[in-house]
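# Examination of the molecular architecture
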Amino acid sequence: MSLSTPTRDDFAALLEASLNQTEMAEGSVVKGTVVGFEKDLVVIDVGLKVEGRVPAKEFGARNDEAEVSIGDIVEVYLERVENALGEAVLSREKARREESWVRLEAAFEKNEKVTGKIFNQVKGGFTVDLDGAVAFLPRSQVDIRPVRDVTPLMNTPQPFQILKMDKRRGNIVVSRRVVLEETRAEQRHEIVQSLEEGQIIEGVVKNITDYGAFVDLGGIDGLLHVTDMAWRRVNHPTEILSIGQSVKVQVIRVNQETHRISLGMKQLQADPWEGIEAKYPIDARFTGRVTNITDYGAFVELEPGIEGLIHVSEMSWTKKNVHPGKIVATSQEVTVMILEVDAAKRRISLGLKQVMDNPWEAFLDANPVGSTVEGEVKNKTEFGLFIGLENDIDGMVHLSDLDWNRPGEEVMEEYNKGDVVKAVVLEVDADKERISLGIKQLGSDPFTEAAEGGAGGEAVKRGAIVTCEVLEVKDAGLEVKIVGTELATFLRRSELARDRNDQQPTRFSVGQQFDARVTQFDRKARRVQVSIKALEIAEEKEAVEQYGSTDSGASLGDILGAALRARNTENN
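Keep in mind it's a predicted model, so treat the numbers as computed, not measured. (Residues numbered from 1 in each chain as written. Predicted model: local features only at pLDDT ≥ 70, side-chain atom pairs only at ≥ 80, totals over all residues. Heavy atoms only, no water.)

## Describing the overall build of the protein
Each helix and strand counted, the protein has nine helices and 30 strands in total. A buried classification covers 37% of the 572 residues belonging to the protein. When the accessible area of the protein is evaluated, it comes to approximately 33700 Å², of which 47% is carbon and sulfur surface. (Helix = DSSP H or I, 4+ residues; strand = E, 2+ residues; numbered from the N terminus. Buried < 20%, exposed > 50% of the residue type's maximum accessible area, 1.4 Å probe, protein only. Areas by Shrake-Rupley, 256 points an atom, 1.4 Å probe, with all protein chains shown as cover.)

What follows is the structure, given as structure tokens:
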């Protein structure tokens, strides 16, 4: 076989093909062979009888030593085929970056995580080496919570999520926080799936609020409400917990959908309310400590986990409309009485006043009915007077017990607040906390005295003849008083005489005395009526019966005259 000698035209064609291949190769990634080392440079043959030199550091991970040997085939970026020295201008860094962009774009499209190293801090965040490509990590995307010191995270391979890519501008934005949140969500799901109500686990107090504490259960938080920390009253979680403290808790509730977990500590202890009725019988007395004061009463701790309420109405016998804080103080030791126990509702009703003497009973012991007491007029009402007595209790004098004869409304005007008065104890009702007093009872009842012996020592009764004294002359009759008594009454005009012509009030004068007949005497209604007319009719009837009648021929004057003479004879 004979070989022909290349012609000039053949060399021209080969040269043109070589130049075309070179033009196409520039600006792209090509393969080369490591042929040697010069200090910190790696000599690479990329073909075309052209060699190039690349810094050794570009062949290792960032800040690491190069890991290549003679004969290794490597990819480099061909910037130019020949420079002034006749060498190819190569870059391993740019080649790696081109490779990385291809891989990163594929990962970005598939929403896959990529591995990188944080190697520098810049304004607003950090730079991350994604195996040749440099990405920006905003400070807000470093962790789930703000990180003060990122030193432990520097130059450590870790996963990132690409948020945004722009090859034209060469921008890549990544997030470490998204990866952590996804990992945390997976862990939370696994933990929640493994939890069961009633399960006892250990955790660490992560955060404390006014209403409870959040406990880290190893990737997920559970809420330990303040009411589930102890059987006793806990005003604030910091009383028994601190951040970072390890605690043993019981799972109370688990919501698989919302991943909310409710925890409890008191459930790990014996329930102090079991058998509570036997421990605290009704009417028994116990000593406790005031733990909380409200507008409606005070809570008293009888033992850890057991509290009872003293309602404001059970705090004092006499202090009715005062705030409980003016009767007891927080942390004060008090003796109370058990009034009611409801184990189902976990309620105990306590009484404070019940361990003290009932002032109404004490008053009755010292002042029995009928005894006389003295006090200050505290108040005037439309139905009577309130008199202040010992031990801050009051007694009431009803209008009807102010005076025997005069209307109570009239007598009330004679009393003022602050007046010191005496009164008689009429009735004491300790259960209803009432004391009835009477002022008129300090004197005798004129009706009783009159009934037992009125004027001249004779009893006043219906039909009796009494002597009356004129107190006031009126057109309608006379205001009179029965002599020898305190009884007063009104003698109507029609009762002044039998004869109509003599029924003139002007016939009488104030102070004048006359006899009259009692026509009504009602002790219950306290009413007495007298009549001159009735006396005249009675005397006439008696005279007729004793001394004759007009039918026998005697005149009425003769009969009355005989009767008058007989009376005078008896009187003499």
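After presenting the structure, the write-up continues.
## Structural notes on the pairing of strand E30 (residues 527-531)
Pairing of strand E29 (residues 513-522) with E30 involves five bridges; the strand directions are antiparallel. Its bridge partner lying in E30, Arg-517 is registered against Ser-531. Linkage of E29 to E30, two consecutive antiparallel strands, is achieved through a turn of four residues, within which Arg-526 is found at a positive phi near 50°. (Pairing = 2+ DSSP bridges.)

## Looking at the pairing of strand E12 (residues 212-216)
By the bridge criterion, four bridges tie strand E11 (residues 200-208) to E12 in an arrangement that is antiparallel. The partner of Ile-208 across the bridge, within E12, is Ala-213. Bridging between E12 and strand E13 (residues 221-225) involves five bridges; their strand directions are antiparallel. Paired with Val-215 across the strands is Gly-222, a residue of E13. Between E12 and the antiparallel strand that follows it, E13, lie four residues; Gly-218 among them carries a positive phi value of about 100°.

## Some details on the pattern of salt bridges
Scanning the entire structure with this criterion turns up 17 salt bridges. Asp-143 is the partner of Arg-176 in a salt bridge, and the nearest nitrogen-oxygen pair spans 3.6 Å. Linking Arg-176 in the loop between strand E10 (171-175) and helix H3 (177-194) with Asp-143 in the loop between strand E8 (133-138) and strand E9 (158-166), this pair joins segments that are 33 residues apart in sequence. A relative accessible area of 12% places Arg-176 in the buried class. For Asp-143, a relative accessible area of 25% gives the class partly exposed. Residues Arg-406 and Asp-403 are paired through a salt bridge, measuring 3.6 Å at the closest nitrogen-oxygen approach. Judged by its relative accessible area of 32%, Arg-406 falls in the partly exposed class. (Salt bridge = Lys/Arg side-chain N within 4 Å of Asp/Glu carboxyl O.)

## Re the environment of Ile-73
Here Ile-73 shows up in strand E4 (residues 73-80). By relative accessible area, Ile-73 is classed as exposed at 57%. The sequence separation of Ile-73 and Ile-44 amounts to 29 residues, and the corresponding C-alpha distance is 9.0 Å. Those residues in contact with Ile-73 that lie beyond four places of it in its chain are Lys-31, Gly-32 and Thr-33. (Contact = heavy atoms within 4.5 Å.)

## Some thoughts on the packing of aromatic side chains
Throughout the structure, instances matching the rule amount to four aromatic pairs. When the centroid spacing of 6.2 Å and the interplanar angle of 80° are considered together, the rings of Phe-383 and Phe-386 count as edge-to-face. Residue Phe-383 is classed as partly exposed on the basis of its relative accessible area of 37%. (Phe/Tyr/Trp six-rings, centres within 6.5 Å; stacked < 30°, edge-to-face > 60°.)

## Focus on helix H5 (residues 359-366)
Among the residues making up H5, those that are buried are Pro-359, Trp-360 and Phe-363. The buried side chains of H5 occupy one side of the element, clustering within an arc of 100° when seen end-on. As for H5, its buried residues are in contact with strand E21 (372-381), strand E24 (420-429) and strand E25 (434-438). With a side-chain oxygen lying 2.9 Å from the backbone nitrogen of Trp-360, the N-terminal cap of H5 falls on Asn-358. (Arc of directions from axis to C-beta. Polar contact = N/O pair within 3.5 Å; in protein donor to acceptor, adjacent residues only side chain to side chain.)

## Topic: the side chain of Asp-228
Within the fold, Asp-228 resides in the loop between E13 and strand E14 (246-255). The charged side chain of Asp-228 is buried without a salt bridge, its nearest counter-charge being Lys-266 at 4.1 Å. (Lys, Arg positive; Asp, Glu negative; His and termini not counted.)

## Things to note about the sheet that holds strand E17 (residues 297-303)
Taken in spatial order, the five strands line up as E16-E17-E18-E20-E19 and close into a barrel, and their pairing is mixed. Averaged over all pairs of adjacent strands, the angle between their axes in this sheet comes to 50°, without regard to strand direction. Summarising the sheet, strand E19 (residues 333-342) and strand E20 (residues 347-351) pair through five bridges and their orientation is antiparallel. Paired with Glu-340 across the bridge in E20 is Ser-349. (Axes fitted to C-alpha atoms, helices over the stretch in contact; angles between N-to-C directions.)

## Considerations on the sheet that holds E12
Backbone-to-backbone hydrogen bonds pair the strands of a sheet. The strands run either parallel or antiparallel. The strand order around the closed barrel built from five strands is E11-E12-E13-E15-E14, with neighbouring strands paired in mixed fashion. The average undirected angle you get between the axes of adjacent strands in this sheet is 50°.

## What about unusual backbone geometry?
For Ser-331, which is not glycine, the phi dihedral falls at a positive 75°. On the secondary structure map, Ser-331 appears in the loop between strand E18 (306-311) and E19. For Ser-331, a relative accessible area of 46% gives the class partly exposed. Its identity is not glycine, yet Asp-392 carries a phi of approximately 60°, on the positive side.

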